[in-house]
Amino acid sequence: MNRHTDTVVCFDLGGVVLRICRSINEAIERAGLEQRDHERDVSQHEQTVHAHQTGRLSCAEYYEAISAEFGGVYTPEEIELAHFLWIIEDYAGIATVVEELNNTAGVRTACLSNTSDSHWKSMQGIERIDHHAHAGPSEAIACIQHKLVSHELGVMKPNERIYELAEEKLDVRPEQIVFFDDVQENVETAHARGWRARRINPEDETSVQVRTYLTNEIGVLSGSPKSC
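Residues numbered from 1 in each chain as written. Predicted model: local features only at pLDDT ≥ 70, side-chain atom pairs only at ≥ 80, totals over all residues. Heavy atoms only, no water.

**Considering the sheet that holds strand β5 (residues 146-149)**
The parallel open sheet is built from five strands, whose spatial order is β5-β4-β1-β6-β7. Looking at strand neighbours, the two that pair on one side only are β5 and β7 (196-199), the edges of this open sheet. Within this sheet the neighbouring strands show an average axis-to-axis angle of 20 degrees, counted without direction. Across four bridges, the pairing between strand β6 (residues 177-181) and β7 is parallel. Counted as the bridge partner of Asp181 is Arg199 from β7. Sheet strands touched by helix α10 (residues 184-193): β6 and β7. Its angle to β7, the strand with the most contacts, is close to 165 degrees. In the packing of helix α11 (residues 206-218) onto the sheet, the strands contacted are β1 (7-11), β6 and β7, and the crossing angle to β6 comes to about 150 degrees. (Pairing = 2+ DSSP bridges. Helix = DSSP H or I, 4+ residues; strand = E, 2+ residues; numbered from the N terminus. Axes fitted to C-alpha atoms, helices over the stretch in contact; angles between N-to-C directions. Contact = heavy atoms within 4.5 Å.)

Structure, rendered in structure tokens:
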């Protein structure tokens, strides 16, 4: 690819490519665990998540920390199960969009996601918990050409450094990247760097939103999916 002409269409994962739980309580319910009375201490939660999703806190340490946050009413093993079932499935049609982009001249696909080692393995079907329902590996993620994730990069969105690292690894200028994320702050930081960034509503079908923007604003895809 010629650095000066190609376009990179870059996706956040949860809320754009993958339907996920939107809260720990939703994940606990998916895991078949009853809601237990507790006084949750969330004072350190943001730091715990940040350390885990930048590769500084192991999965086992993370489950222990979240269990402690709940005052021990959920064991680390139960937190692990809820964490595993946080990821639900690919949004309908999103894998088709990625495949079409991969087959479009002058276009590459990428993802830039805040995630953890366990979730990343789960998304790819590498890690499973026996006897519990899971949609299996993501077809869409398997199709994405360049995979950039926070726990490997050591930094999370919306820190500007992760966007800079993405530009370096993709070998493109900021204006060559089209970016979809469901978090407004992440979109704003990308936009400030010169990326063509768009917020996606995770409550609606994301493939329709992505296709509409790429068709009407970028001129990359047709307005209707191609047959595979």
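**Remarks on the packing of helix α2 (residues 45-53) against helix α3 (residues 59-69)**
The contact between α2 and α3 brings their axes to 10 Å, and the two run at 165 degrees. Between α2 and α3, the angle is such that the two are roughly antiparallel. Considering only the axes of α2 and α3, their crossing is left-handed. On α3, the residues that touch His45, Thr48, Val49 and His52 of α2 are Cys59, Tyr62, Ala65, Ile66 and Glu69. A per-class count over the contact of α2 with α3 returns five nonpolar, three polar and one charged. (Parallel < 35°, antiparallel > 145°, perpendicular 65-115°, else oblique. Left-handed = near helix turned anticlockwise from the far one by under 90°. Nonpolar A, V, L, I, M, F, W, Y, C, P; charged D, E, K, R; others polar.)

**Looking at the nonpolar core**
By size, the foremost hydrophobic cluster in this structure holds 31 residues, and its most contacted members are Phe11, Leu13, Val17, Phe180 and Leu214. At the level of secondary structure, the elements contributing two or more residues to this core comprise β1, β2 (18-20), α5 (94-102), β4 (107-113), α6 (117-123), α7 (139-143), β6 and α11. Here this core gets five residues from one element, more than from any other, and that element is α5. (Core = buried A, V, L, I, M, F, W, Y, C linked by side-chain atoms within 4.5 Å. Buried < 20%, exposed > 50% of the residue type's maximum accessible area, 1.4 Å probe, protein only.)

**Some details on a negative patch on the surface**
Taken together, Glu61, Glu64, Glu77 and Glu80 make up a surface patch of like negative charges. Contributing elements (two or more residues each) for the negative patch: α3 and α4 (76-84). Within the secondary structure layout, Glu77 lies in helix α4. (Patch = residues over 30% accessible without salt bridge, like charges linked within 9 Å, V, L, I, M, F, W, Y side chains within 5 Å. Areas by Shrake-Rupley, 256 points an atom, 1.4 Å probe, with all protein chains shown as cover. Salt bridge = Lys/Arg side-chain N within 4 Å of Asp/Glu carboxyl O. Lys, Arg positive; Asp, Glu negative; His and termini not counted. Charge placed at Lys NZ, Arg CZ, Asp CG, Glu CD.)

Limitation: the analysis is restricted to geometry and does not speak to function.
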